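Read off the chains here:
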Amino acid sequence: MKIEVHREACCSQDDQMGPLDQSFELPDASTLADFLDAVASSRFLQYSSTHVTMDCHIGGQVVAAVSSPSLLWRPAPVFTTPAQTPMRQIAVDGKAEFIFQRGRRVALNAG
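Just so it is clear, the structure is predicted and the values come from calculations on it, not from any experiment.

Criteria and thresholds
- Counting from 1, residues in each chain are numbered in the order their sequence is written.
- The predicted nature of this model means local features are confined to residues of pLDDT at least 70 and side-chain atom pairs, given and counted, to a pLDDT of 80 or more, with totals for whole chains, interfaces and linings taken over all residues.
- With hydrogens and water excluded, all non-hydrogen atoms of the structure serve as input to the side-chain values.
- Using only the protein atoms, space was sampled on a 1 Å grid; points where a 1.4 Å probe fits but cannot get out form cavities, open sets with protein on both sides within 12 Å along at least five of seven lines form pockets, and lining residues are those with an atom within 4 Å of a point.
- Grid points are joined across faces, edges and corners, and a volume is the space filled by probe spheres set on the points.
- Helix numbers and strand numbers start at the N terminus; a helix is a DSSP run of H or I with at least 4 residues, a strand a run of E with at least 2.
- Amino acids outside the nonpolar list (Ala, Val, Leu, Ile, Met, Phe, Trp, Tyr, Cys, Pro) and the charged list (Asp, Glu, Lys, Arg) are all regarded as polar, and Gly is one of them.
- DSSP-based pairing: two strands are paired if at least 2 bridges between them are found.

Caption draft 1: The layout of surface pockets, seen in detail. If you add up the space inside the largest pocket, you get close to 380 Å³. Along the walls of the largest pocket sit 19 residues, with Ala40, Tyr47, Ser67, Ser68 and Pro69 positioned nearest its centre. Of all the secondary structure elements, the ones that give two or more residues to the lining of the largest pocket are α2 (32-42) and β4 (61-67). It is α2 that contributes the most residues to the lining of the largest pocket, four residues altogether. Within the lining of the largest pocket, the residues separate by chemical class into twelve nonpolar, four polar and three charged.

Caption draft 2: Region of interest: the sheet that holds strand β5 (residues 78-79). Judged by pairing direction, the sheet is mixed, and its six strands sit side by side in the order β2-β1-β6-β3-β4-β5 without closing on themselves. Of all the strands in the sheet, the pair left with one neighbour each is β2 (21-25) and β5. The sheet contact formed by strand β1 (residues 2-7) and β2 spans five bridges and is antiparallel. Paired with lysine 2 across the bridge in β2 is glutamate 25.

So this is what it looks like as structure tokens:
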């Protein structure tokens, strides 16, 4: 399955240098956790010192929050949709978006 991913720029230079869009090809049986692993391992998401956590939006809903891998405690994603949910069930339009958190914060487990 192919997922088109768009990410918000972390700063004005990132906005100019991009890329802000990337396609990910995943096995049909992939879960939300598999998808987030693929995105994280690609290093596609970019963070800054003031922008360290992004919400993953799929189908108009926040399904997880992901944080910069450079944070000292290396937080795992915080899922608001079960991690083992098949991507084919939630990404019916084949799109996902990562947007920096504003106002609402997902509690990150440091342990």
